[in-house]
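One-letter residues, chain by chain:
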Amino acid sequence: YNLFLISKIAFFHFFLVIGQPAKSKRPKEPGENKIKPINKKVKAKPPKMRERESADSSLKSQSILTQVMDKGHFQKLAATLSLSAGQSIELRCKGSNVTWNYPSYLDTFKDSRLSIKQLDRYGQLILANSTAADTGEYSCWLQLCNGNKCRKDETKTGSTYIFFTDKEELFVPTPSYFEIVYLNPDKPAVIPCRVTTPSAKVTLHREFPAEEIETDGTDIIYDVKKGFVYQHPTSDHKGIVYCKAESQGAPQISIKYHLLYVEVPKGPPSTTIAASSNRAEVSDSVHVICTVLGEPDVDVNFRWQYPGQESERPAIIQNFWRLINRGTGHTTRISKSILLVEDFEARDAGNYICIAQNLHGETTVATRVELN
């Protein structure tokens, strides 16, 4: 029996040695033979995961504005979008209290093609039968309100510039055929000859002497969303200019722009006051003039205080303004308010006070009229 057992053990040992491949004599690395589960997912490296999270966050911040496509599909909008004039467009902004911004003339003319609605979860803007004049910036943002006070949520905004292309209208149409552009030495000036086709070649020209104005990309640049920009205007730039555009056809000419150079100190109105006479007889007509010299594009508002005002003494007040050239081609706006008192009486004697106000502040001046 012992002999039989020894023979059996020897047989199995022989089978195991012959039936197995030769083992490598290289020492095993720690953990080399550990079995990995087949269904275990391999995690991405941390840096890549952070990049992905950053990209997702960026997309979320830009996803408030979308365009509604056919069959209920939505498309996130890029910085610019080109559509053919005549197409309709529907935009949506996520949020329960959305404010929209769009080309101002649509409001000016109360265009019925524009529809804006606020629904439960989003704001909706629909523009039907678009035209080249609709070209411009379309944006929206979420309003955060606390009672009657609201503010813009800077983290929930969206915007896109839409070109409504029209081969017959390379320039965005304007309601006038001539515009004044003021050149201030302390801020850029824009000649707003915007195009409806972003690929159009646009050049700037002077009317007299007839020549093309070079745009060097530094002092004068072209911005397809704005027009030509004078970065540092000087008096040498004044005159009449126009733009020319070309795009697969005959060139087209824009309206003309009159560039006026302005050099007036910013601040409250520079105001003077004078009466036709500081001594008046009974039954005389007396007029008091309040004059302001200022920036051409800054409006001035006038208010008066005069002796007969509390007793509702009738007085005639006329306001007007015009542009004048002063010195070396500088343009200034002269604004005047004239107060006229007819049939002067004793109660009309006293101080006549003019208060002139602009966006920078107000100035008060006075003069006295006595009864002879």
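Structure: see above.
Here is a short report on the structure shown in this document. Just so we're clear, the structure is a prediction, and the values are computed from it rather than from any experiment.

1. Observations concerning the nonpolar core
At step 1: By size, the foremost hydrophobic cluster in this structure holds 21 residues, and its most contacted members are Ile-191, Phe-228, Tyr-230, Cys-243, Tyr-257 and Leu-259.
At step 2: Elements with a contribution of two residues or more to this core: strand 10 (178-183), strand 11 (189-191), strand 12 (201-206), strand 15 (227-230), strand 16 (239-246) and strand 18 (256-261).
At step 3: In this structure, Cys-243 is in contact with Phe-171, Ile-191, Cys-193, Val-202, Thr-203, Leu-204, Phe-228, Gln-252, Ile-253 and Ser-254, ignoring residues within four places of it in sequence.
At step 4: Core analysis: the next-biggest nonpolar cluster, separate from the first, contains 20 residues, Leu-65, Leu-106, Tyr-138 and Leu-142 among them.

2. Re the sheet that holds strand 15
In sheet architecture, strand pairing relies on hydrogen bonds along the backbone and comes in two forms, parallel and antiparallel.
At step 1: A sheet is described by the order of its strands in space; here three strands give the open sequence 11-15-14, paired in antiparallel fashion. Looking at which strands have only one partner, the edges of the open sheet turn out to be strand 11 and strand 14 (220-223). With strand direction ignored, the average angle separating the axes of adjacent strands in the sheet is 25 degrees.
At step 2: As defined by bridge partners, strand 14 adjoins strand 15 across four bridges and the pair is classed as antiparallel. Looking at strand 15, one finds that Tyr-222 is bridged to Phe-228.

3. Here we look at the layout of surface pockets
At step 1: Considering only enclosed or pocket space, the largest pocket measures out at about 340 Å³ in volume.
At step 2: Every element with two or more residues in the lining of the largest pocket is listed here: helix 3 (105-108) and strand 8 (136-146).
At step 3: Each residue belonging to the lining of the largest pocket can be placed in one class, and the counts come to eight nonpolar, six polar and two charged.
At step 4: Looking at the second largest pocket, the residues that line it are Val-172, Thr-174, Glu-179, Val-190, Pro-192, Arg-194 and Lys-226.

Reading the values: rules and limits
- Residues numbered from 1 in each chain as written.
- Predicted model: local features only at pLDDT ≥ 70, side-chain atom pairs only at ≥ 80, totals over all residues.
- Heavy atoms only, no water.
- Core = buried A, V, L, I, M, F, W, Y, C linked by side-chain atoms within 4.5 Å.
- Buried < 20%, exposed > 50% of the residue type's maximum accessible area, 1.4 Å probe, protein only.
- Helix = DSSP H or I, 4+ residues; strand = E, 2+ residues; numbered from the N terminus.
- Contact = heavy atoms within 4.5 Å.
- Pairing = 2+ DSSP bridges.
- Axes fitted to C-alpha atoms, helices over the stretch in contact; angles between N-to-C directions.
- 1 Å grid on protein atoms, 1.4 Å probe; cavity = no way out; pocket = protein on both sides within 12 Å on 5 of 7 lines; lining within 4 Å.
- Points joined across faces, edges and corners; volume = space filled by probe spheres on them.
- Nonpolar A, V, L, I, M, F, W, Y, C, P; charged D, E, K, R; others polar.

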